[in-house]
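Residues per chain are reported as follows:
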Amino acid sequence: MKAAVVTSFTEPLEIQDRPVPTPESGQVLVRIEASGLCHTDIHAAHGDWPVKPTPPFIPGHEGVGIVEAVGDGVTARAVGDRVALPWLGHACGHCDYCITGWETLCEAQQNTGYSIDGSFAEYAVADAEYVVPVPAGVSAHDAAPLTCAGVTTYKAVKVAHIKPTEKVAVFGIGGLGHLAVQYAKIVGATVIAVDVDDDKLALATELGADHVINAGVTNPVPAIEALGGCDVAIVLAVIPSVFEGAFASLRRGGRLVCVGLPPETDGPMSLPIFPTVLKGISVIGSIVGTRQDLAEVFALHAAGRTRVVAETRKLDEVNTSIDDVLQGATTARIVFEF
Ligand code: ZN
Ligand code: ZN
């Protein structure tokens, strides 16, 4: 099978011919139809984060495909099912996080395309209990970006407990942001989209954003203050200063939802204590979403309530695609189709 492999943190990915893996007990073998390119894959390939994957490995955690074989003991899934392979590739299933709806915090978790081989390949094996069924009516092309970009922003909206009268600012409109705008609209918020690219802001408007701010031209903090401030700021950008600006644009009682993950070398964000206390600000970290969250994301899409904006590429174009994402030269998501 064809696979895009990270052989070193300093080299481009290598297209290799690998043997098709055999599903072990509890696993399914999935023939991948589509796999989105997430910024996390780029961090994985570059070894940007404190806990690094071990090369050689296959990135990709927005894989969608058809179950072709099942290992011993698999009852949850059957041959022919269309499933998604999300970032949460495996969790223990019995710790306090797992049994209270926070499996994404399980300390024994395995991550697709990071600690276990992912979906930048024609085939992947996955834990049958942690793949998520894709409902009829949702294409592999659309399901792929929903598997990380969708569930991550849906969860960010959920943890912010947004009221319909509230204003939500989304910092960074792209693969994640174009979906965050839609989920914030679904819960009834007034949405402010912030980016440095006019094309992305035009897309945000098309998807329902009420206000747009080009942060390359206008300082978003006074611009959001002029709108009365925001109740929730969802930060999808990967620049620490953007988190600080998002914090500064919050109203009293506001929630800063941190989602984007800058490289560790870019340093921390710094938050002033006085306004945090006096304005009663909450700072929330939100990491991907559970299998149930992803099922809800798919259900919303099947019901026609969200739109996925993605462009299709071939796996051979993986390195130029990474360059395009890093240079912001794509409007939304890149999806490799097989
Ligand atoms: Zn991702
Ligand atoms: Zn657990």
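Residues numbered from 1 in each chain as written. Chains lettered and ligands numbered in written order. Predicted model: local features only at pLDDT ≥ 70, side-chain atom pairs only at ≥ 80, totals over all residues. Heavy atoms only, no water.

Thoughts on the coordination of the zinc ion (ligand 1)
Coordination of the zinc ion (ligand 1) by the protein involves Cys38 (SG), His61 (NE2) and Cys148 (SG), with metal-donor separations of 2.0 to 2.1 Å. The sequence pattern describing where the donors of the zinc ion (ligand 1) fall on their chain is C-x22-H-x86-C. Taken as a pair, Cys38 in the loop between strand S3 (27–37) and helix H1 (39–46) and Cys148 in helix H3 (residues 140–159) lie far apart in primary sequence, 110 residues in all. Across the pair, exposure class does not vary: Cys38 and Cys148 are buried alike. (Donors = N, O, S within 2.8 Å, 3.2 Å for Na, K, Ca; no water. Helix = DSSP H or I, 4+ residues; strand = E, 2+ residues; numbered from the N terminus. Buried < 20%, exposed > 50% of the residue type's maximum accessible area, 1.4 Å probe, protein only.)

Comments concerning the sheet that holds strand S14 (residues 250–258)
Strands sit in the order S12-S11-S10-S13-S14-S15 across an open sheet of six strands; the sheet is parallel. Two strands lie at the open edges of the sheet, namely strand S12 (211–214) and strand S15 (282–285), each paired on one side alone. Sheet twist, expressed as the average angle between the axes of neighbouring strands with direction ignored, equals 20°. In this structure, strand S10 (residues 167–171) lies alongside strand S11 (residues 190–195), joined through five bridges in parallel fashion. Across the sheet, the residue bridging to Lys167 is Thr190, located in S11. Helix H5 (residues 198–206) contacts S11 and S12 of the sheet and is inclined by roughly 170° relative to S12. (Pairing = 2+ DSSP bridges. Axes fitted to C-alpha atoms, helices over the stretch in contact; angles between N-to-C directions. Contact = heavy atoms within 4.5 Å.)

Let's talk about the coordination of the zinc ion (ligand 2)
Surrounding the zinc ion (ligand 2) are the protein donor atoms Cys92 (SG), Cys95 (SG), Cys98 (SG) and Cys106 (SG), which sit 2.3 to 2.4 Å from the metal. Seen from the zinc ion (ligand 2), its four donor atoms lie at angles of 104 to 117°, and the figure they make is tetrahedral. One chain supplies every donor to the zinc ion (ligand 2), and in sequence these donors are spaced C-x2-C-x2-C-x7-C. Taken together, the positions of Cys95 in the loop between strand S6 (88–90) and helix H2 (96–99) and Cys106 in the loop between H2 and strand S7 (110–111) put the pair 11 residues apart, joining distant regions of the chain. Of the two residues, Cys95 and Cys106, both sit in the buried class. (Tetrahedral: all angles 85-135°; square planar, octahedral: opposite > 155°, others 65-115°.)

Section: the pattern of salt bridges
In a structure, side chains of opposite charge can pair up when their charged atoms sit close to one another. Applying the stated criterion to the full structure yields 16 salt bridges. Of the charged contacts in the structure, one is a salt bridge between Glu296 and Lys158, with a shortest N-O distance of 2.9 Å. With Glu296 in helix H9 (residues 291–302) and Lys158 in helix H3, the pair connects residues that are 138 residues apart, well separated along the chain. We classify Lys158 as partly exposed; its relative accessible area is 33%. (Salt bridge = Lys/Arg side-chain N within 4 Å of Asp/Glu carboxyl O.)

Take it as geometry only, folks, not as evidence of what the structure does.
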